[in-house]
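Here is what each chain is made of, one letter per residue.
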Amino acid sequence: MRLLAMVAVIGGLFVSAQPALAATSPVDDGAAAPPAARGAGWQPDIQAPDPVTIPGTTKKVTPFATPLTPRQPEALPGASKGPGATLKADSSARAEIRKVDLPTLQGTSPQADPDDPPTGLYCTEAITRSGSVSGTPNQTNYAANVSYLAEFGCNFWLNAAYIATGVIDRGRFDGQFLYTTAPLTYGPTYYGATSGGVSIPGELFDGGRTVEIAFELYLVAPAGVYWGGCFPIPGLRYLLCEGLGTNLLHIVLGTGPFGTGLQSPVIRHVALGDSYSSGTGAPPYSDASCRRSPATYANLITGTPLSGLPVDRPTLAACHGARITDLYASQQSGLPPQLDAIQPHTRLVTLTIGGNDLGFSAKLTGCYLGADCSASGPLVTPQELYQVQVQLTTLYRQIRAEMHPGGKLMVLSYPAIVPNPDDPADPQPTQDRCPDLGSNLVESERRAIYEATVQTDRMIRDAVLATGDSRVVYVNGLDLFRGHRLCSTNGVWANGLTSPLSDSFHPNASGYQAMATRVAQVLPPL
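What counts, and where the lines are drawn
- Residues numbered from 1 in each chain as written.
- Predicted model: local features only at pLDDT ≥ 70, side-chain atom pairs only at ≥ 80, totals over all residues.
- Heavy atoms only, no water.
- Helix = DSSP H or I, 4+ residues; strand = E, 2+ residues; numbered from the N terminus.
- Buried < 20%, exposed > 50% of the residue type's maximum accessible area, 1.4 Å probe, protein only.
- Areas by Shrake-Rupley, 256 points an atom, 1.4 Å probe, with all protein chains shown as cover.
- Disulfide = S-S within 2.5 Å.
- pLDDT = per-residue confidence, 0-100.
- Contact = heavy atoms within 4.5 Å.
- Phe/Tyr/Trp six-rings, centres within 6.5 Å; stacked < 30°, edge-to-face > 60°.
- Lys NZ or Arg CZ within 6 Å of the ring centre and 35° of its normal.
- Patch = residues over 30% accessible without salt bridge, like charges linked within 9 Å, V, L, I, M, F, W, Y side chains within 5 Å.
- Salt bridge = Lys/Arg side-chain N within 4 Å of Asp/Glu carboxyl O.
- Pairing = 2+ DSSP bridges.
- Axes fitted to C-alpha atoms, helices over the stretch in contact; angles between N-to-C directions.
- Parallel < 35°, antiparallel > 145°, perpendicular 65-115°, else oblique.
- Nonpolar A, V, L, I, M, F, W, Y, C, P; charged D, E, K, R; others polar.
- Core = buried A, V, L, I, M, F, W, Y, C linked by side-chain atoms within 4.5 Å.
- Arc of directions from axis to C-beta.
- Left-handed = near helix turned anticlockwise from the far one by under 90°.

**Here's the deal with the overall build of the chain**
Tallying secondary structure elements over the chain gives seven helices and 24 strands in all. For the chain, the proportion of its 526 residues judged to be buried stands at 54%. In the structure as shown, the chain presents an accessible area of about 21,300 Å², 52% of it carried by carbon and sulfur atoms.

Shown next, in the form of structure tokens:
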């Protein structure tokens, strides 16, 4: 936790150095230490201290246990205006009050109304703060650093005081505490101060973009003295004021919301896998060797809301021709393993993989170019399917281990591209329409290709189920192109045999749009 030098000042502050506390040393009541960023995700972990009895009273309190809402300053009828908390003393108590020179605090002296100068007994408060942002977005070290000093000073001796401070989220998680300092208890005193700081990891936490520093005080006045009013303090606002008309004042002051400098949170997305995720079939390509296309489904789901936050533009690591091993090791010179793209703050991973391990693309192309696909058994054997399934389950678990623990891995199966001879929704090739497809893939071959696609879909689904992890989500793509496969009269969503050959039998731009729509529809909440 980094405590920064104070550079920004809030109104209502005093000048010079704080006074020595000598006989008024504070007592640490054991509040929780600042929460630290955890590598796999961060959530505030505020431990409220045990209740404490205010010295000289029977009142037990716990810091920040009362709901805090902005409120206007309050005063008893007839109370005179003053800076901060103003008191009145009975005539019998005046001689007993030990007045002191008002202590000087950090900042600038408060300016009271010149027509109603401060008189009598009063205490006033101050909060200074500073902040900075370290690191860069989309990196784990990206953080907002907030620190503060909160003080009170009185022009007389209090019987006792109890103070605490904290940082409150005022944005996405309005009212949630992100940090609290250890409360301090004082005996007779006229001054007290507390300071602290918190580093909010911007990529591991969705809040912390707008925060407020809150300063809670319990001030015990001498016998015969009662609190008359909570008057305005420049730059601060009252979140609580209770105890007017008694000798125990309970107030909470806030700085008001301020920005920490962190960018708005998003769902960081990494797209892994083979050509069906890189965008092969929908040129032009931003990366020719991996055939990465702006039209791929992973790019098209950018901005989709997920748990109230937009999905970020993906880190597109998928590459044409990738096999399962290419996620662990370099697929080609200068290309890092795809798993390197995942960071602890990655909360969405999309993936297509396994087709090349089954040799599906090469087999399909061979069928089209002359091999008889229906004569020598199934295109993919049970042994091949089982071996790939085991590898996929291990891969899915590895991906989940490296990403945010609350994130989701969306595993897409492959859409069937060649028309299914047994489905009336798929127009079949005739001499007048798609004669080339009909002559190169006879009905029995088209049936064998569709059956192999069905088996691959089941294999991917079973590999997902084998993880036993509800955050690994199977996305059924098998019949996504139904009615829009090759030879369709309603618009074809995939390429047939084309040039370059590598683009053959892959989705076109319309197909990737359909895949994006399906993923967006089934994205589960985080």
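**Points about unusual backbone geometry**
Following Pro 283, the chain continues to Pro 284 via a peptide bond in cis, the omega torsion being 5°. A cis amide bond links Ser 499 to the next residue, Pro 500, at an omega of 0°. Tracing the chain through its elements places Pro 500 in the loop between β24 (472-475) and α7 (509-522). At Phe 64, a position not held by glycine, the phi torsion is positive, near 55°.

**Quick notes on the state of the cysteines**
Under the defined criterion, the tally for this structure stands at four disulfides. Sulfur-sulfur distance for the disulfide between Cys 123 and Cys 154 comes to 2.0 Å. Its torsion about the S-S bond being 105°, the disulfide of Cys 123 and Cys 154 is classed as right-handed. Of this pair, Cys 123 sits in strand β7 (residues 121-134) while Cys 154 is found in strand β8 (residues 143-158), placing the two residues 31 residues apart along the sequence. Each sulfur of the disulfide joining Cys 230 and Cys 241 lies 2.1 Å from the other.

**Observations concerning the confidence of the model for the chain**
Residues of the chain with pLDDT of at least 70 account for 87%, and the chain-wide mean is 86. In this model, residues 1-40 is a region of pLDDT below 50 whose contacts with residues beyond four sequence positions or in other chains number 127 contacts.

**Brief notes about the packing of aromatic side chains**
Tallying each qualifying case throughout the model produces nine aromatic pairs. Aromatic side chains Phe 64 and Phe 177 sit 4.6 Å apart centroid to centroid with 40° between the ring planes, which places their arrangement in the tilted category. On the criterion of sequence distance, the pair formed by Phe 64 in the loop between β4 (60-61) and β5 (74-75) and Phe 177 in strand β10 (residues 177-180) is long-range, its members being 113 residues apart. Here the two residues Phe 64 and Phe 177 agree in accessibility, since each one is buried. Lying over the aromatic face of Phe 258, Arg 129 brings its terminal NZ or CZ to 3.7 Å of the ring centre.

**Quick look at a nonpolar patch on the surface**
Taken together, Leu 369, Leu 497 and Leu 501 make up a surface patch of nonpolar side chains, about 280 Å² in accessible area. Looking at the element boundaries, Leu 501 is found in the loop between β24 and α7. Taking the relative accessible area as the measure of exposure, Leu 501 reaches 48% and is therefore partly exposed.

**Structural notes on the sheet that holds strand β21 (residues 315-316)**
The strand order β21-β18-β22-β23-β24 describes an open sheet built from five strands, whose pairing is parallel. Looking at the sheet topology across the chains shown, the edges are occupied by β21 and β24. In terms of strand pairing, strand β23 (residues 408-412) meets β24 through four bridges, oriented parallel. Opposite Leu 412, over in β24, you have Val 475 as the bridge partner.

**Brief notes about the pattern of salt bridges**
Any two side chains of opposite charge can pair, so long as their charged atoms come close to each other. The final tally for this structure, using the stated rule, is 18 salt bridges. The salt bridge involving Arg 268 is made with Glu 203; its shortest N-O contact spans 2.6 Å. Here Arg 268, found in the loop between β17 (258-259) and β18 (269-273), pairs with Glu 203, found in the loop between β12 (189-201) and β13 (210-220); they are 65 residues apart in sequence, far enough to count as distant. Residue Arg 268 shares its accessibility class with Glu 203, and that shared class is buried. Across the pair Arg 237 and Glu 212 runs a salt bridge, and its minimum N-O distance is 2.7 Å. Within this pair, whereas Arg 237 is found in strand β15 (residues 237-242), its partner Glu 212 is found in strand β13, the two being separated by 25 residues in sequence. For Glu 212, a relative accessible area of 0% gives the class buried. Three or more residues are tied together by salt bridges with common partners; here these are Arg 170, Asp 174, Glu 212 and Arg 237.

**Details of the packing of helix α3 (residues 360-369) against helix α6 (residues 443-466)**
Where α3 contacts α6, the two axes come as close as 11 Å, and the packing angle between them is 175°. Considering the angle they form, α3 stands roughly antiparallel to α6. For the pair formed by α3 and α6, the contact residues are Phe 360, Leu 364 and Cys 367 on the first element and Glu 445, Ile 449, Ala 452, Thr 453 and Thr 456 on the second. Of the residues belonging to the contact of α3 with α6, the class tally is five nonpolar, two polar and one charged.

**Brief notes about the nonpolar core**
One finds Leu 272, Leu 351, Leu 392, Tyr 396, Ile 399 and Leu 409 to be the most contacted residues of the largest nonpolar core, which totals 71 residues. Counting residues in hydrophobic clusters, the runner-up holds 47 residues, among them Ala 85, Cys 230, Leu 244 and Leu 253.

**Details of the environment of Gly 483**
Tracing the backbone shows Gly 483 in the loop between β24 and α7. In the structure, Gly 483 is positioned 56 residues away from Pro 427 in sequence and 7.6 Å away in space, judged by C-alpha atoms.

**Digging into α3**
Of all the positions in α3, only Phe 360, Leu 364, Thr 365, Cys 367 and Tyr 368 are classed as buried. The buried residues of α3 occupy an angular sector of 155° when projected down its axis, which confines them to one face. Facing away from the buried side of α3 by more than 90 degrees, the exposed set consists of Ala 362 and Leu 369. Of the surrounding elements, those touching the buried residues of α3 are α5 (435-440) and α6. Two residues or fewer after α3 comes Gly 370, characterised by a positive phi angle close to 140°.

**Some thoughts on the pairing of β23**
Burial of β23 is extensive: five of the five residues sit out of reach of the surface. Neither face of β23 is open: one carries Lys 408, Met 410 and Leu 412, the other Leu 409 and Val 411, and all of them are buried. Relative to β23, strand β22 (residues 348-352) runs parallel, the two being bridged by four bridges. Pairing of Leu 348 across the sheet is with Lys 408, part of β23.

**Some points on the packing of helix α4 (residues 382-402) against α6**
Direction vectors running N to C along α4 and α6 enclose 40°, while the axes themselves pass 8 Å from each other. Between α4 and α6, the angle falls in the class oblique. Crossing angle aside, the handedness with which α4 passes α6 is right-handed. Residues Leu 385, Val 388, Gln 389, Leu 392, Thr 393, Tyr 396 and Arg 397 of α4 pack against Gln 455, Thr 456, Met 459, Ile 460, Asp 462, Ala 463, Val 464 and Ala 466 of α6. Its residues placed into classes, the contact of α4 with α6 shows nine nonpolar, four polar and two charged.

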